[in-house]
Amino acid sequence: MTKQDGLRQKAEKLRALHRGGRPLILVNAWDAATARIFEKAGSAAIATTSAGIAFSSGYPDGERIPLDRMLEVVGRISRAVSVPVTADMEAGYGASPEELHRAVSGVLEAGAVGLNLEDGSEAPGGALADLPLQLEKIRAVKEAAGRHGVPIVLNARTDVYLDRIGPEGGWFEETIRRGEAYRDAGADCVFIPGVTDPAVIGALVRRLACPINVLAVAGSPSIGELATLGVARVSLGSGPIRAALTLMQRLAHEVLTDGTYSALEGIVSHASMNELMQSPLPR
């Protein structure tokens, strides 16, 4: 089997996981170790977290980590697991078709078969990317994937709720406007972070009539409730790495301030982690 054949099969498997009647649950990984932990726990696919990869590499989030370094980590994650991997590529590291083609080529070369593309903007005031530009970017991603012969799974994210764009009374309809446009431009799933109200989530699922991804945070509906609402995909985003870093802060404070080690109680053993990593990654 060629590499292209393998990527094509993984892409189709990832796409099918959005249509099974139960949500695809993604506990976002930021390195090979967390990817293997999540796969062993039962994850049917692995999603990366751009923030997590950036933080663990010493960069802030927001495409501040260079593309080649981001893709290097995506590659290590892809080689560490057997399940499909989808990469969070933020806003695509560019706006032109050529820049999007470069990002897609890099994602596929790294072994990932899915891609997150967000419409959040670094512009003052938190404005979203212009809709026509975002549609061009979505089409460029799909075109680039077609050139490679791999039906990459595009998860198009809109940050209306997350960034609280405009008057609250207009969030729903603006999300529908953008979500429908992204869907019709070729997105396989529409990602709507920032919404936790079950009634709103259910209405979004019904109106958009395509796979919907929500971001799970403390206080979000349970996975069972989201399944009942028809949600196709549930991501944890940067939550897992922030939870891990919270433990690091507590551990560091305890040992450096109090001189005790209770934060180390009940942790996974060295032998268990060594066993999990028994298949060395390619250099």
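Going by the structure above, here's the rest.
Before going into details, it helps to say that this report is about the structure given with it.

Conventions adopted
- Residues numbered from 1 in each chain as written.
- Predicted model: local features only at pLDDT ≥ 70, side-chain atom pairs only at ≥ 80, totals over all residues.
- Heavy atoms only, no water.
- Helix = DSSP H or I, 4+ residues; strand = E, 2+ residues; numbered from the N terminus.
- Rg over C-alpha atoms; globule rule 2.2 N^0.38 Å.
- Buried < 20%, exposed > 50% of the residue type's maximum accessible area, 1.4 Å probe, protein only.
- Contact = heavy atoms within 4.5 Å.
- Areas by Shrake-Rupley, 256 points an atom, 1.4 Å probe, with all protein chains shown as cover.
- Lys, Arg positive; Asp, Glu negative; His and termini not counted.
- Charge placed at Lys NZ, Arg CZ, Asp CG, Glu CD.
- Core = buried A, V, L, I, M, F, W, Y, C linked by side-chain atoms within 4.5 Å.
- Salt bridge = Lys/Arg side-chain N within 4 Å of Asp/Glu carboxyl O.
- Patch = residues over 30% accessible without salt bridge, like charges linked within 9 Å, V, L, I, M, F, W, Y side chains within 5 Å.
- Pairing = 2+ DSSP bridges.
- Right-handed = clockwise from strand over helix to strand, strands pointing away.
- Disulfide = S-S within 2.5 Å.
- Axes fitted to C-alpha atoms, helices over the stretch in contact; angles between N-to-C directions.
- Left-handed = near helix turned anticlockwise from the far one by under 90°.
- Nonpolar A, V, L, I, M, F, W, Y, C, P; charged D, E, K, R; others polar.
- Parallel < 35°, antiparallel > 145°, perpendicular 65-115°, else oblique.

### Notes on the overall build of the protein
Here comes step 1: Counting its secondary structure elements, the protein contains twelve helices and eight strands.
Here comes step 2: For the protein, whose C-alpha radius of gyration is 19 Å, the value lies close to the compact-globule estimate of 19 Å for 283 residues.
Here comes step 3: Dimensions along the principal axes, computed over C-alpha positions, put the protein at roughly 55 × 50 × 40 Å.
Here comes step 4: A total of 283 residues make up the protein; the buried ones form 48% of that total.
Here comes step 5: In the protein, once contacts between residues fewer than 6 apart in sequence are set aside, the share between residues at least 24 apart is 67%.
Here comes step 6: For the protein, the exposed area adds up to about 13600 Å²; of that, 54% sits on carbon and sulfur atoms.
Here comes step 7: Taking the average location of the 29 positive side-chain charges in the protein and that of its 33 negative ones, the two points are 5 Å from each other.

### Here we look at the nonpolar core
Considering soluble globular proteins, one finds that nonpolar side chains tend to be buried as a cluster.
Here comes step 1: Among the nonpolar cores identified, the biggest contains 55 residues, and Ile-46, Met-89 and Leu-115 are the most heavily contacted of them.
Here comes step 2: In contact with Met-89, not counting residues within four places along its chain, are Glu-63, Leu-67, Met-70, Leu-71, Val-107, Leu-115 and Asn-116.
Here comes step 3: Counting 21 residues, the second largest nonpolar core, distinct from the first, contains Trp-171, Val-195, Cys-210 and Ile-212.

### Points about the pattern of salt bridges
Two side chains carrying opposite charge are able to pair once their charged atoms lie near each other.
Here comes step 1: All told, the structure shown has 14 salt bridges when counted by the stated rule.
Here comes step 2: The partner of Lys-142 in a salt bridge is Asp-188, with the nearest N and O atoms 2.9 Å apart. Of this pair, Lys-142 sits in helix α6 (residues 131-148) while Asp-188 sits in the loop between α8 (171-185) and β6 (189-191), placing them 46 residues apart in sequence.
Here comes step 3: The class for Lys-142 is partly exposed, based on a relative accessible area of 25%.
Here comes step 4: Of the charged contacts in the structure, one is a salt bridge between Arg-177 and Glu-174, with a shortest N-O distance of 2.9 Å. On the criterion of helical spacing, the pair formed by Arg-177 and Glu-174 is a turn pair, its members being three residues apart in helix α8.
Here comes step 5: By relative accessible area, which is 21% here, Glu-174 ends up partly exposed.
Here comes step 6: Members of the salt-bridge network, linked through shared partners, are Glu-12, Arg-15, Lys-142 and Asp-188.

### Let's talk about a nonpolar patch on the surface
Here comes step 1: A grouping of Val-255, Leu-256, Tyr-261, Leu-264 and Ile-267 is seen on the molecular surface, where their side chains present a nonpolar patch of about 520 Å² in accessible area.
Here comes step 2: Residue placement: Leu-264 occurs in the loop between α11 (239-258) and α12 (270-276).
Here comes step 3: The exposure class assigned to Leu-264 is partly exposed, which follows from its relative accessible area of 40%.

### Some remarks on the pairing of strand β7 (residues 212-215)
Here comes step 1: Here β7 shows a buried face lined by Ile-212 and Val-214 and a second buried face lined by Asn-213 and Leu-215.
Here comes step 2: Sheet topology places β6 next to β7; two bridges connect them, and they run parallel. Considered in β7, the bridge of Phe-191 is made with Asn-213.
Here comes step 3: Note on the crossover from β6 through helix α9 (residues 198-208) to β7: the handedness is right-handed.

### A few points about the environment of Leu-251
Here comes step 1: Within the secondary structure layout, Leu-251 lies in helix α11.
Here comes step 2: C-alpha of Leu-251 to C-alpha of Ala-263: the two residues are twelve residues apart in sequence and 5.4 Å apart in space.
Here comes step 3: Not counting residues up to four positions away in its chain, the partners in contact with Leu-251 are Ala-263 and Leu-264.

### A look at the state of the cysteines
Two cysteines, two sulfur atoms, one covalent bond between them: this is a disulfide.
Here comes step 1: Evaluated as defined, the whole model comprises zero disulfides.
Here comes step 2: A disulfide-free cysteine, Cys-210 has its sulfur positioned 6.8 Å from the sulfur of Cys-189, the nearest such atom.
Here comes step 3: Overall, Cys-210 belongs to the buried group, its relative accessible area being 16%.

### Considerations on the packing of helix α2 (residues 32-40) against helix α4 (residues 67-80)
Here comes step 1: At a closest axis distance of 8 Å, the pairing of α2 and α4 adopts a crossing angle of 35°. When the axes of α2 and α4 are compared, the crossing they make is right-handed. On α4, the residues touching Ala-32, Ala-35, Arg-36 and Glu-39 of α2 are Arg-76, Ile-77 and Ala-80.
Here comes step 2: For the contact of α2 with α4, the class distribution of residues is four nonpolar, no polar and three charged.

### Some thoughts on the packing of helix α5 (residues 97-109) against α6
Here comes step 1: Interhelical geometry of α5 versus α6 gives an angle of 50° and a closest axis separation of 9 Å. Our classification of the angle between α5 and α6 gives oblique. Judged by the twist between their axes, the crossing of α5 over α6 is right-handed. Facing Pro-97, Leu-100, His-101, Val-104, Ser-105 and Leu-108 of α5, the residues of α6 in contact are Lys-137, Ala-140, Val-141, Glu-143, Ala-144, Ala-145, Arg-147 and His-148.

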